[in-house]
Amino acid sequence: AQSVTQLDSHVSVSEGTPVLLRCNYSSSYSPSLFWYVQHPNKGLQLLLKYTSAATLVKGINGFEAEFKKSETSFHLTKPSAHMSDAAEYFCVVRGFEGAQKLVFGQGTRLTINP
Amino acid sequence: DTAVSQTPKYLVTQMGNDKSIKCEQNLGHDTMYWYKQDSKKFLKIMFSYNNKELIINETVPNRFSPKSPDKAHLNLHINSLELGDSAVYFCASSPGLEETQYFGPGTRLLVL
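What this report covers is the structure whose coordinates are included nearby. Since the model is a prediction, treat every value here as computed from it, not as a measurement. (Residues numbered from 1 in each chain as written. Chains lettered and ligands numbered in written order. Predicted model: local features only at pLDDT ≥ 70, side-chain atom pairs only at ≥ 80, totals over all residues. Heavy atoms only, no water.)

A few words now on the interface of chain A and chain B. The partner chain B presents 21 residues to the 19 residues of chain A that form the contact. Taken together, both faces of the contact between chain A and chain B bury some 1,700 Å²; the carbon and sulfur share is 55%. On inspection of chain A and its partner chain B, the count reaches 0 salt bridges. Here chain A and chain B share 4 residue pairs in polar contact (both at pLDDT 80 or more) between them. At the level of secondary structure, the elements contributing two or more residues to the side of chain A that touches chain B comprise strand 5 (32-38), strand 6 (44-50) and strand 10 (87-94) of chain A. Of the residues belonging to the side of chain A that touches chain B, the class tally is 8 nonpolar, 6 polar and 5 charged. (Contact = heavy atoms within 4.5 Å. Buried area = accessible area lost by both parts, 1.4 Å probe. Salt bridge = Lys/Arg side-chain N within 4 Å of Asp/Glu carboxyl O. Polar contact = N/O pair within 3.5 Å; in protein donor to acceptor, adjacent residues only side chain to side chain. Helix = DSSP H or I, 4+ residues; strand = E, 2+ residues; numbered from the N terminus. Nonpolar A, V, L, I, M, F, W, Y, C, P; charged D, E, K, R; others polar.)

Below you can see the structure in the form of structure tokens.
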């Protein structure tokens, strides 16, 4: 069975500084991994996805994530935070078993300080 | 143009009532889903339909009944609403069974 752990429930950074949101996964198979973002009172938007191609994945709004199989990690980064990045971020895994089923992490709330 | 839309956006109702939430996608996708997000923001899949056929039913009480009249619609009917049903319900769709899912804006249900 697959599972996802987001290591921080809340991350706070200053505008213009780097962002790191951590995610570890567990899967019996080679997983597909995603990051989704949810802005306050909004739906979920796909930021980026990893599906066994390049291990460094670039997404929208300057975000990227690196798949590290040896560490079972898929951390999300951005070089310079913007106020509009304040939102809830979800790391998501989809494995071979029940491949249409997504398993969500607990979410990380990102706060940006001016 | 909205890709995955849900109505209503907000729903406030009394315990014991029956209510429906509608979902429509104009992406031409074959697969649609319902997810529940609880008060702690945790998201869990409830149902999935592929070409109008139910393929995932995740131990959801039978008070919840999804209905897919065609590939572009997946509605969620809830009977005898309970306080614990208060949550945000998200609809999603994907081109096929193993492809990226796109989410609607959510329906915020509050049961009083």
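Each disulfide consists of a covalent bond between the sulfur atoms of two cysteine residues. Residues and elements named next belong to chain A. Enumeration over the complete set of coordinates arrives at 2 disulfides over all chains. Covalently, C23 is tied to C91 through a disulfide, its sulfur atoms 2.0 Å apart. Looking along the S-S bond of the C23-C91 disulfide, the torsion reads about -70°, which is the left-handed sense. Taken together, the positions of C23 in strand 4 (residues 23-26) and C91 in strand 10 put the pair 68 residues apart, joining distant regions of the chain. (Disulfide = S-S within 2.5 Å.)

This brings us to the sheet that holds strand 1 (residues 4-7) of chain B. Residues and elements named next belong to chain B. The antiparallel open sheet is built from 4 strands, whose spatial order is 1-3-8-7. Across the chains shown, the open sheet's two edge strands, defined by having one partner strand only, are strand 1 and strand 7 (64-70). Averaged over all pairs of adjacent strands, the angle between strand axes in this sheet comes to 20°, irrespective of strand direction. Relative to strand 3 (residues 19-25), strand 1 is paired through 4 bridges, and the arrangement is antiparallel. (Pairing = 2+ DSSP bridges. Axes fitted to C-alpha atoms, helices over the stretch in contact; angles between N-to-C directions.)

So, on to the pattern of salt bridges. Residues and elements named next belong to chain A. Using the criterion set out here, one finds 6 salt bridges over all chains in the structure. Measuring nitrogen to oxygen at the nearest pair gives 3.0 Å for the salt bridge that ties R22 to D8. You can see R22 sitting in the loop between strand 3 (19-21) and strand 4 and its partner D8 sitting in the loop between strand 1 (3-6) and strand 2 (10-14), a full 14 residues away along the chain. By relative accessible area, which is 33% here, R22 ends up partly exposed. (Buried < 20%, exposed > 50% of the residue type's maximum accessible area, 1.4 Å probe, protein only.)

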